[in-house]
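Coordinates in review
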Amino acid sequence: MNKITTFLKSHPALYYLVVFLLMIIPALLLFPAAEGENQIGLIVFLGLVILANLAAVIPFNSK
Amino acid sequence: MFILAVSPILVILILMVGFRWKASRAGGLGYLVALLISWIWFGINLETLAYAHAKAVFLIMDVLLIIWTAFLLYRVVAEAGGIEILSTTLPHLTGDKGMQALLIGWIFASFLQGVGGFGVPTAVIAPILVGLGFSPLNAVVIPSLGHTWAVTFGSLGASFNAMMAATGLGWEVLAPSAGIFLGITGLLVGIAVAWVVGGWKTLRKLWIPILVIAAGMSTAQYLTVTLGLWNIGGLMGGTAGLIIGIPLAWLFHGKNNSSGKINWRELLISLAGYGVLVLLTLIIQLVPPVKEFLSQVKLGFTFPETITGNGYIVPAGPGRQLYIFRHAGMILLVSSLAAYLIFNKAGWFKEGALRRIVKSTGSRVIGSSVGITSIVMMAVIMQHAGMTDTLAQGFSNTIGWFYPAVAPWLGALGAVMTGSNANSNLVFSALQQRTAEILGLPAAIILAAQTTGGALGSVAAPTKVIVGASTAGMEGKEGEILRKLLPIICILLLMISLITALAVYLL
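The present account deals with the structure reproduced in this document. The structure displayed is predicted, hence computed values, not measured ones.

With that settled, the discussion passes to the environment of B:E47. As for its position among the elements, B:E47 is in helix 3 (residues 46-79). Taking the C-alpha atoms as reference points, B:E47 and B:G186, separated by 139 residues in sequence, lie 46 Å from one another.

Turning our attention to a nonpolar patch on the surface. Residue and element names in this part refer to chain A. Together, F7, L14, L17, V18, L21, L22, I25 and L29 make up a nonpolar patch on the protein surface, roughly 610 Å² of accessible area in all. Among the elements that take part in the nonpolar patch, helix 2 (residues 12-35) stands out by supplying seven residues, more than any other. With respect to the helices, strands and loops of the structure, L29 is situated in helix 2.

Right, let's get into the packing of aromatic side chains. Counting across every chain of the model gives 15 aromatic pairs over all chains. Between A:Y15 and A:Y16 the ring centres are 6.0 Å apart and the planes differ by 65°, which places this aromatic pair in the edge-to-face class. Exposure remark for A:Y16: the relative accessible area of 11% places this residue in the buried category. The lysine or arginine in question, B:K97, covers the ring of B:F134, its NZ or CZ lying 5.2 Å from the ring centre. B:R326 extends its terminal NZ or CZ atom over the ring of B:Y323, reaching a point 4.3 Å from the ring centre.

This brings us to the pattern of salt bridges. All names here are of chain B. Tallying each qualifying case throughout the model produces four salt bridges over all chains. For R75, the salt bridge goes to E79, with nearest N and O atoms at 3.0 Å. Here R75 pairs with E79, and both are found in helix 3, just four residues apart, close to one helical turn. Through salt bridges with shared partners, a single ionic network connects R75, E79 and R356.

All names here are of chain B. Running from N to C, helix 9 (residues 171-226) and helix 19 (residues 443-458) point in directions that differ by 45°, and their axes come no closer than 8 Å. Here helix 9 is positioned oblique relative to helix 19, judged by the angle of their axes. Here helix 9 runs over helix 19; the crossing is right-handed. On the side of helix 9, the interface is formed by V173, L174, S177, A178, F181, L182 and T185, while helix 19 contributes A444, I445, L447, A448, A449, T451, T452, A455 and L456. Classifying every residue of the contact of helix 9 with helix 19 by side-chain character gives twelve nonpolar, four polar and no charged.

For the rest of this paragraph, the subject is the interface of chain B and chain A. Listed per partner, the contact involves 36 residues of chain B and 27 residues of chain A. When chain B packs against chain A, close to 2,600 Å² is buried across both sides, 78% of that on carbon and sulfur atoms. The largest contributions to the chain B side of the interface with chain A come from B:R25, B:L46 and B:I366, which together make up 23% of the buried area. Across the contact surface, chain B and chain A share three residue pairs in polar contact (both at pLDDT 80 or more).

A general trend in soluble globular proteins is that nonpolar side chains are found buried together. Residues and elements named next belong to chain B. Membership of the largest hydrophobic core comes to 192 residues, with the highest contact counts inside it found for W106 and L145. Here this core takes 22 residues from helix 3, the largest share from any one element. Apart from the residues within four sequence positions on either side, L145 is in contact with V189, A192, V193, V196, L485, I488, I489 and L492.

So, about unusual backbone geometry. For residues that are not glycine, phi is negative in most cases, and the peptide bond is trans in most cases. Residue and element names in this part refer to chain A. The backbone of E37 shows a phi angle near 50°, a positive value even though the residue is not glycine. When you line up the elements, E37 lands in the loop between helix 2 and helix 3 (39-57). A residue is classified by how much of its surface remains accessible, and E37, at 61% relative accessible area, is exposed.

All names here are of chain A. Relative orientation of the contacting elements helix 2 and helix 3 amounts to 155°, with a least axis distance of 8 Å. The angle between helix 2 and helix 3 places the two elements in the roughly antiparallel class. As for the relative orientation of helix 2 and helix 3, their crossing is left-handed in sense. For the pair helix 2 and helix 3, contact is made by Y15, V19, L22, M23, P26, A27, L29, L30, A33 and A34 and by G41, L42, F45, L46, L48, V49, A52, N53, A55 and A56, respectively.

Moving on, we get to the side chain of B:S369. Examined against the element boundaries, B:S369 turns out to sit in helix 15 (residues 353-385). Among the polar contacts listed, one links the side chain of B:S369 to the backbone oxygen of B:V365, at a separation of 2.6 Å. If near-sequence neighbours (up to four positions away) are discounted, B:S369 is found in contact with A:F20, B:L64 and B:W68.

Another aspect to go through is the environment of B:L10. Residues and elements named next belong to chain B. Checked against the element boundaries, L10 lands in helix 1 (residues 2-18). Owing to a relative accessible area of 37%, L10 belongs among the partly exposed residues under this scheme. In this structure the C-alpha to C-alpha distance between L10 and G30, which are 20 residues apart in sequence, comes to 8.3 Å.

Calculation rules
- Residues numbered from 1 in each chain as written.
- Chains lettered and ligands numbered in written order.
- Predicted model: local features only at pLDDT ≥ 70, side-chain atom pairs only at ≥ 80, totals over all residues.
- Heavy atoms only, no water.
- Helix = DSSP H or I, 4+ residues; strand = E, 2+ residues; numbered from the N terminus.
- Patch = residues over 30% accessible without salt bridge, like charges linked within 9 Å, V, L, I, M, F, W, Y side chains within 5 Å.
- Areas by Shrake-Rupley, 256 points an atom, 1.4 Å probe, with all protein chains shown as cover.
- Salt bridge = Lys/Arg side-chain N within 4 Å of Asp/Glu carboxyl O.
- Phe/Tyr/Trp six-rings, centres within 6.5 Å; stacked < 30°, edge-to-face > 60°.
- Buried < 20%, exposed > 50% of the residue type's maximum accessible area, 1.4 Å probe, protein only.
- Lys NZ or Arg CZ within 6 Å of the ring centre and 35° of its normal.
- Axes fitted to C-alpha atoms, helices over the stretch in contact; angles between N-to-C directions.
- Parallel < 35°, antiparallel > 145°, perpendicular 65-115°, else oblique.
- Left-handed = near helix turned anticlockwise from the far one by under 90°.
- Contact = heavy atoms within 4.5 Å.
- Nonpolar A, V, L, I, M, F, W, Y, C, P; charged D, E, K, R; others polar.
- Buried area = accessible area lost by both parts, 1.4 Å probe.
- Polar contact = N/O pair within 3.5 Å; in protein donor to acceptor, adjacent residues only side chain to side chain.
- Core = buried A, V, L, I, M, F, W, Y, C linked by side-chain atoms within 4.5 Å.

This is the structure in structure tokens:
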């Protein structure tokens, strides 16, 4: 995990790509989860979007 | 509740302006604040949040597809040396300082904004003007002002598309007013550019070319966008400017006209990618069978009605629909490929060009994509929680009839705080639309004021000023640039406020 974090932090574009995908894909999956009234799915996918936004806030390289 | 509703926007403003955070960081925190407030105080439930997020994805993709591919096309042309050819050709046409500023700092800057944007006009033009003997301060201020009017319909319409996405209103509603407001701004910034170069003396000397060029560019942009070709509005305005401005530059060539020969073949090849773009856009938009054929594949969901714990209802309806094969992003992608093949055949690429194009495009757009994603999600959550409505009610109660004069300043504030007209439109368009509805004002005019204010404010955004300063050798003197730029921007905003009030109450 540490290796992955270190690698991503030294590659800003890749880091942002991962953050971006973590925002978009779970956000899209929230639609079928809501249609299917899948509470666990809703919590997991929303949690992932929140996590991705938290990751975007973390500073590295520059402000 | 008003203070709570405005908090996410204030968080972004304070972090970006006060602490100089990037949009990608500040947007993330703005999103988290919006989520928390909407959940605790506005009674948003899990289901509403889920639909809001899914709705936001389509808005985000609609905006990002254009931003990614517009920058890709710009990079293909730049990598082949096309931008350099344009940059070296234009200064040969006139030796008159005022005319040089108009031709390069106003017309060429508008053209570059039409095709690229993202701070490119100032970054490309400031060094050219320094080379022509302009002071570094004027070299930054002139193109910064010159391209503002082309921002909304520039970058292949990214900012205008953001406004359509955020409000759910079509081009046929929004384009006419926006076209007129931005056209007037075009004339005002032309005057401002001449004034920066040499005050009233230059204005008196060049008022005829200013009027002729402004009329040509504004009319071309207005006609293009009101025909539904909003993604090439800025490009067509800039192109009309070049067509009119080049002969005028010969007429007003000054004493030391270098009269260098222009290689027209090179110039035409360098513009080939944008030629393909215009051609494809015209065919798709104006030939009904082609448009129908390409409209067969559409991505999007139909969303049910949502209601918060506080009783705020968002009615059922389709979200943003992506017609993927006739989307402006797809047209740009095909144009980029065509441009690449043309330049490749002409032997204009150096080794490893493709890798450099892909790498620079990816690294340039991905950070801002994260910021846009967070900000759009924040804005859609605020809409679904009733926070936008609370803000609109607050504005209508406190500002009331004076609101039309405030609308452009709100757009400008959004652009300064988020760094772009597109982001400002994403954050504030729905709010402006709702406030206009509550006050019974024409939404199209208020939104035209929003995007015009956003366009003007975007040039004073710290990120753009820093880019301009660095390319003109003024690193660390950003304050000096802002001191010259801000009073002019404020005067222009005051004029737009007046025009908005007149348009709302007299028309």
